[in-house]
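Below are the chains, spelled out letter by letter.
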Amino acid sequence: MIDLQSLKALIDGNKYKVTILSNASSFLYHSIENLNWLGFYILNDDTLYLGPFQGRIACIEIPKGKGVCGNTILIDKPLVVDNVLEYPGHIACDSNSRSEICIPLHIEGKTYGLLDIDSPIFNRFDESLKNELIEASKIIEEALEKAI
Ligand code: SME
């Protein structure tokens, strides 16, 4: 279980977006078992740029429409991939990844970027974890809205 109250207490009222994303990435990464990467991509001019994360080094730019992340921006809703090896166009930043979830983040109705999480096991992101991560994303969005 993700301690959503502690997440809110950690990031709410932080002045800078980068501070919020940095601590949120660490908090979430260490709250969930069986992950190998968790981080944020920020959207600018139809390209996603790497933001704060936990895990091995990752792709720095992903065009809208490419990979799991770029497709999440296109559909503008959470995307779960149970087996990334079968996902056409999956971008393998870490060859250990087997399943993935991407959740778009919005600020004042506009797409800001996304939360991307990889697991080294298949089918890691079931309905219950997905819903918890959607709740965590809402807390992150609320904190980002008030930050610069
Ligand atoms: N797998 C993603 C790329 C980002 S990494 O997982 C950190 C994708 O297919 O878009």
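Before going into details, it helps to say that this report is about the structure given with it. (Residues numbered from 1 in each chain as written. Predicted model: local features only at pLDDT ≥ 70, side-chain atom pairs only at ≥ 80, totals over all residues. Heavy atoms only, no water.)

**A look at the state of the cysteines**
Right, on to step 1. Tallying each qualifying case throughout the model produces one disulfide.
Right, on to step 2. The partner cysteine of Cys-59 in its disulfide is Cys-93, sulfur to sulfur 2.1 Å. Between Cys-59 and Cys-93 the sulfur-sulfur dihedral comes to about -115 degrees; the bridge is accordingly left-handed. Here Cys-93 lies in the loop between strand E4 (79–81) and strand E5 (99–107) and Cys-59 lies in the loop between strand E2 (47–55) and strand E3 (61–63), a separation of 34 residues in the sequence.
Right, on to step 3. Owing to a relative accessible area of 32%, Cys-93 belongs among the partly exposed residues under this scheme. (Disulfide = S-S within 2.5 Å. Helix = DSSP H or I, 4+ residues; strand = E, 2+ residues; numbered from the N terminus. Buried < 20%, exposed > 50% of the residue type's maximum accessible area, 1.4 Å probe, protein only.)

**Let's talk about a nonpolar patch on the surface**
Right, on to step 1. Judged by side-chain polarity, Tyr-16, Val-18 and Ile-148 come together as a nonpolar surface patch covering roughly 320 Å² of accessible area.
Right, on to step 2. Locating Tyr-16 in the fold gives a position in the loop between helix H1 (4–11) and helix H2 (17–29).
Right, on to step 3. Judged by its relative accessible area of 40%, Tyr-16 falls in the partly exposed class. (Patch = residues over 30% accessible without salt bridge, like charges linked within 9 Å, V, L, I, M, F, W, Y side chains within 5 Å. Areas by Shrake-Rupley, 256 points an atom, 1.4 Å probe, with all protein chains shown as cover. Salt bridge = Lys/Arg side-chain N within 4 Å of Asp/Glu carboxyl O.)

**Thoughts on the packing of aromatic side chains**
Right, on to step 1. Scanning all chains against the criterion turns up two aromatic pairs.
Right, on to step 2. Ring centres of Trp-37 and Phe-53 lie 5.3 Å apart, and the angle between their planes is 20 degrees; on these two criteria the pair is classed as stacked. In this pair, Trp-37 is assigned in strand E1 (residues 37–44) and Phe-53 in strand E2, connecting sequence segments 16 residues apart.
Right, on to step 3. Overall, Phe-53 belongs to the partly exposed group, its relative accessible area being 26%.
Right, on to step 4. Three or more aromatic residues joined by ring pairs make a cluster, and in this case those are Trp-37, Tyr-41 and Phe-53. (Phe/Tyr/Trp six-rings, centres within 6.5 Å; stacked < 30°, edge-to-face > 60°.)

The quantities given are spatial measurements derived from coordinates; they are silent on function.
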